[in-house]
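# Descriptive analysis of the structure
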Amino acid sequence: MPVDLGKMAKTVYVLNGPNLNLLGTREPDLYGRATLREVEKLCRTTAKRHGLAVQFRQSNHEGEIVDWIQEACAKKAAGLVINPAGYTTTSIAILDALLTMEAPVIEVHITNIHTREQFRRRSYVSQAARAVVCGFGIRGYALAIDGLAAIIEAKD
Ligand code: CA2
C-alpha cells in the first residue's frame, strides 16, 4: 500500500553525544539538575506543539552518532538537533555526516562554550549548522526545536 507522506508527522532527530547520559547526576552547577530523560520530555512537548515527531538518542560512540545522522538522511528527517558534547571540537566524521544532510541542522550546547576553556570554543559541527544555541541550559533544546520548526514551516 502506498504511504501518504503528506499525512505523516514530520520527524526531527535530537542527537546527544558522550557523557550526556550523566546529565542531572554530576556537575549540577555547570549542567543543571535536569536528567536526559527530562530533556527528552521537553523535546517531545516542544515538538508536539509544532506537530513534529521526535527521534531522541544519546550515544558515547562517535560511529553510532554518524550512523544515526545517516539514518536521519535516509528516513528523510525534516531536521536535526545535535549536542555533540565532547565530539564538538574533534569529530570530522560527524561534521562530514552532517554536511551530507539537506535538512537543517541546529547545534545545541547547554553551557556557553565561549565563556569556558579555549579548547571548547572551536566547533567543527558549527560548519554544518544552520544555527547554534548555547548557554540557555536545557531550554536551548526547546529553543532549537522552535527554530527548526520555523525553518521547516517556512519551507512548506
Ligand atoms: O554545554 C554543552 O552542552 C557541552 O556540549 C557539554 C559537553 C562539553 O564537552 C561541551 O564542551 C559543551 C560535555 C557533556 C558532558 O555531560 C555531562 C553531564 C553531566 C555530568 C557530567 C558530564
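The structure this text deals with has already been given above.
This is a predicted model, so every value here is computed, not measured.

The subject of this paragraph is the side chain of N83. Along the chain, the position of N83 falls in strand β3 (residues 79-83). Residue N83 is classed as buried on the basis of its relative accessible area, which comes to 3%. Within the structure, the side chain of N83 is placed 3.0 Å from the backbone nitrogen of A85, a separation counted as a polar contact. Contact partners of N83, with chain neighbours within four places excluded, come to L15, N16, G17, L20, V108, H109, I110 and Y141.

Here we come to the layout of surface pockets. Size it by volume and the largest pocket reaches roughly 610 Å³. Contributions of two or more residues to the lining of the largest pocket are made by β1 (10-16), α3 (62-74) and α5 (139-155). A total of 3 residues in the lining of the largest pocket trace back to one element, the largest contributor, which is β1. A per-class count over the lining of the largest pocket returns 11 nonpolar, 3 polar and 6 charged. In this structure, the second largest pocket encloses a volume near 480 Å³. Along the walls of the second largest pocket sit 21 residues, with P18, Y31, A85, G86 and R120 positioned nearest its centre. Considered class by class, the residues forming the lining of the second largest pocket number 9 nonpolar, 8 polar and 4 charged.

Turning to α3, a few remarks are in order. Compared with the 18 Å implied by 1.5 Å per residue over 13 residues, the 19 Å span of α3 between its first and last C-alpha is a close match. Those residues of α3 that sit buried are I65, V66, W68, I69 and A72. Along α3, the residues classed as buried sweep out an arc of 160 degrees about the axis, all on the same side. Buried-residue contacts for α3 involve β1, β2 (52-58), β3 and α4 (92-99). After α3 finishes, the residue K76 shows a positive phi value of roughly 55 degrees.

The next subject is the site of the ligand. The ligand sits among 17 residues. The nearest are N83, H109, I110, T111 and R120. Within the side chain of T111, one N or O atom sits 2.5 Å away from an oxygen atom of the ligand. At 3.0 Å, a side-chain N or O of R120 approaches an oxygen atom of the ligand. For the ligand, whose unbound accessible area comes to 510 Å², protein coverage reaches 92%. Applying the majority rule of atoms within 2 Å of the grid points places the ligand in the second largest pocket. In terms of residue class, the shell around the ligand is built from 8 nonpolar, 5 polar and 4 charged.

Looking now at the pattern of salt bridges. The tally for this structure, following the rule as stated, stands at 7 salt bridges. Note that E40 is salt-bridged to R37, the shortest N-O span being 3.6 Å. In this pair, E40 and R37 both sit in helix α2 (residues 36-49), 3 residues apart, roughly one turn of the helix. Judged by relative accessible area, E40 falls into the buried class, the value being 16%. A relative accessible area of 56% places R37 in the exposed class. A salt bridge links E117 to R116; its shortest N-O distance comes to 3.9 Å. One connected set of salt bridges, linked through shared partners, spans R37, E40 and R44.

Each value, and the rule that gives it
- Residues numbered from 1 in each chain as written.
- Predicted model: local features only at pLDDT ≥ 70, side-chain atom pairs only at ≥ 80, totals over all residues.
- Heavy atoms only, no water.
- Helix = DSSP H or I, 4+ residues; strand = E, 2+ residues; numbered from the N terminus.
- Buried < 20%, exposed > 50% of the residue type's maximum accessible area, 1.4 Å probe, protein only.
- Polar contact = N/O pair within 3.5 Å; in protein donor to acceptor, adjacent residues only side chain to side chain.
- Contact = heavy atoms within 4.5 Å.
- 1 Å grid on protein atoms, 1.4 Å probe; cavity = no way out; pocket = protein on both sides within 12 Å on 5 of 7 lines; lining within 4 Å.
- Points joined across faces, edges and corners; volume = space filled by probe spheres on them.
- Nonpolar A, V, L, I, M, F, W, Y, C, P; charged D, E, K, R; others polar.
- Expected span 1.5 Å × (residues − 1).
- Arc of directions from axis to C-beta.
- Near = heavy atom within 4 Å.
- Areas by Shrake-Rupley, 256 points an atom, 1.4 Å probe, with all protein chains shown as cover.
- Sits in = over half its atoms within 2 Å of the grid points.
- Salt bridge = Lys/Arg side-chain N within 4 Å of Asp/Glu carboxyl O.

In short, the description is geometric, and any link to function would need to be established separately.
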